[in-house]
Amino acid sequence: MNTSKKYYLKYVLTLLLGLGTFFFWWKLHPEALSWHEQNQLFLCSTDYLLERIVVPGGWADWLSEAIVQFFYQLTAGAALMALLVMALQLATYKVISTNSCIAFGLSFWPPVLLLAIMGDENVMLSYTIALLLSLITYLGCRRGGSVLQMFASLPLYWLVGPLFGVQVVLAVIDALRSRKTLVAVTMLLAAVAWVYACRTLWADQYPWSTVLAGISYHRLTLMMCEIPAELYGLALLLAIIPLLATGLERLGCINRLWAGPFTSLLGILLTLIPVGGFVLGHDKCYNPNVYAQLHQHLLIRKSDWLGIIEQAEKNLQNQLEVVKTPLYINGVNLALAQRGQLNNRLLNFPQCGMKGLIMPRVRDNMSNVTSMETFWHLSMINESMRYAFDTQESIPNCRKSGRYLQRMAECQIVNGNYEAASKYIGLLKQTLFYRSWAEIAETYLYNEEKIANYPEWGVRRDMRFKEDFLYYYPEMTKMLAKLVNENSANAMAYNYFMAAFVLGKQEASTHIDATTSATSTR
C-alpha cells in the first residue's frame, strides 16, 4: 500500500511539473512561443521534409518545426511545451532505472534546466526533441544489449545530430558496468568514425564547429564560432545522471538505520532545489529587457494597442532599460497613434528623435518588425514590403516566416502586383494555420472592386503614395509631409508628421544645449 502511494505521489509531482510549465508559457512568456513561430515557415509538403532531413539532425529539426507551428495558437503551444517537459522528466527517470526517491528527485533537474536554457530566445525546440529521441532510443535498445546500442547510435546521429552522444555515453556506461571494456571502446570508436564519415562525405559544406554544435539546435549556430556550452552541459548531465543517482544512493546506505529517511529527504531536496533555483534566477535566464521587447512584438501582432501602452507604463515604473531604446519607443508611439493619443501623450514616454517614430533598417530579425507594421498602418506600402522582406531574410538560420510572408502578400495585393502576391499565397496555402487566410486572399487577386470594398486593403490603396520615388530615411519628415498632402484623410500620417516636427525640434534643442555645455567647459 505504501509503495503504491509513493508511486502515485511521484506521478502527481510530474503532473504538477506539467501544469507549472503550461502556465509558465501561457501566462508568463507567451511572447517566446510567438517569437519561435514567426521565425519559421513549416510547409506540409514532401519537398520541405526532404529539404530538412538531408543534414545531420534534420529529422529532429523537421519534427520540432511541425510542433512549433502550433505555437500560432498560444494555448496549444503552452500545452505542447508542458507535454515535452513531462516527457523529458519521465524519460530521465526511466534512464536512471531505479525507483528510489533520489532517482525521482534527480529526474527533475534536466527539465528545469531546460526551461532555464530556453531563456535564450534563440534556442530551438529541435534541441529538446533531439534530447528526447536520444533518451527514447537508449531506453528502447537497453534490453537488446551493447551490440544493439552500438548499431542504433549510427542512424541516430543523422536523426538528431550530435546529441546522439547522450545515447552513446549511456550505452558505454552500461558496457563498462558489465565489465565489457572492449565493447565500450568499440562503441566510442564507431560513433566517432561515423560522425567523421558523415561530415566528410555528406556535410562537408559545414565547418566542424557547426557540425559539433548541432546545425539546428540554436538559431545563431551558423553565425557562431563556438559550441554553446549551456546546451551541452545539460546533455552531459543526462549522460551521467545514472552515475550521480548511484553515488547518492550508496551514500544513503552507509548507515542502514537512516537509509530510508535520508533517501526520502534527499529526494525531496533534489526536487525542490532546481525548482527553487529556477524561480529565484528567473530574471537572469529570461532577460526582462529582451522579453519586454518580444512581448511588445506579440501585442503589436495582436493589435493590442492599449496593452502596449499599459506595458510601457509598467516597464517605465520598473525602470527597465528597454523603454529607452529606439525599437521599444517605436512600438509605443505606434500604439499611441492607433489610439489617437500620439500628439497628446508623446512626451509622457522617453523619446529619441526620429528613430523613436520609425527606425532605420537594421539587419536582424527583430529591429525591423515594428517599423514594418508602422509603415503598413501609415499606408507606406512599399516601405512595409521592403522591411518585411529584409526581416525575413535576416532570420539567422535562413528560414522563412509565415507572418512576414502574409504581410508581403498583403502589400503586393494593395499595390496590384497579383503575380507576386500569388507566389506568397501559394506558399502560405501549404501551411496549417495560414492556409485559410491564403485561400480567402486568393479570391481577391485581380478583383479590383472586391479589394476596394475590403476594409483594410481598400483604405491602404486609397491612402498610399500616388507615385513611386526613391526611399531615403534621412528625408522621412518630407515623405510624411508628401503622404499627408496627397491624402488629407490620412490622420495617422498627419500625427506622425507633427510628432516628427516636435521631436526634431527637441532633438535640435538637445544638440544645442550639449554644444553650449561643451563650449563652456572648455
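Note: the structure precedes this text.
Notes on the structure in this doc start here. Note that the structure is predicted; figures quoted are calculated from it, not measured.

What counts and what doesn't
Residues numbered from 1 in each chain as written. Predicted model: local features only at pLDDT ≥ 70, side-chain atom pairs only at ≥ 80, totals over all residues. Heavy atoms only, no water. Salt bridge = Lys/Arg side-chain N within 4 Å of Asp/Glu carboxyl O. Helix = DSSP H or I, 4+ residues; strand = E, 2+ residues; numbered from the N terminus. Buried < 20%, exposed > 50% of the residue type's maximum accessible area, 1.4 Å probe, protein only. Contact = heavy atoms within 4.5 Å. Polar contact = N/O pair within 3.5 Å; in protein donor to acceptor, adjacent residues only side chain to side chain.

1. Quick notes on the pattern of salt bridges
Step number 1: Applying the stated rule across the entire model yields 18 salt bridges.
Step number 2: With a closest N to O distance of 2.9 Å, Arg 301 and Glu 37 form a salt bridge. Residue Arg 301 is found in helix α16 (residues 288-301), and its partner Glu 37 is found in helix α2 (residues 30-38); the two are separated by 264 residues along the sequence.
Step number 3: Relative accessible area serves as the criterion here: at 24%, Arg 301 is assigned to the partly exposed category.
Step number 4: For Glu 37, a relative accessible area of 4% corresponds to the buried category.
Step number 5: Residues Glu 486 and Lys 482 are paired through a salt bridge, measuring 2.9 Å at the closest nitrogen-oxygen approach.

2. Some details on the environment of Tyr 328
Step number 1: Along the chain, Tyr 328 falls in helix α18 (residues 326-338).
Step number 2: The sequence separation of Tyr 328 and Leu 83 amounts to 245 residues, and the corresponding C-alpha distance is 33 Å.
Step number 3: Here Tyr 328 is in contact with Ala 292, Gln 293, Gln 296, Gln 311, Ala 312, Asn 315, Val 322 and Val 323, once residues within four sequence places are set aside.
Step number 4: A polar side-chain atom of Tyr 328 sits 2.9 Å from a polar atom in the side chain of Asn 315.

3. Things to note about unusual backbone geometry
Step number 1: Located in the positive-phi region is Cys 398, a residue other than glycine, with phi close to 65 degrees.
Step number 2: One non-glycine residue with positive phi stands out, namely Tyr 446, at about 65 degrees.

4. Quick word on helix α4 (residues 58-68)
Step number 1: Of all 11 residues making up α4, eight are buried, and the element is well covered by its neighbours.
Step number 2: Considered for burial, the residues of α4 that qualify are Gly 58, Ala 60, Asp 61, Ser 64, Glu 65, Ala 66, Ile 67 and Val 68.
Step number 3: Those residues of α4 that are buried are in contact with α2, α3 (46-53), α5 (74-96), α8 (125-141) and α9 (146-160).

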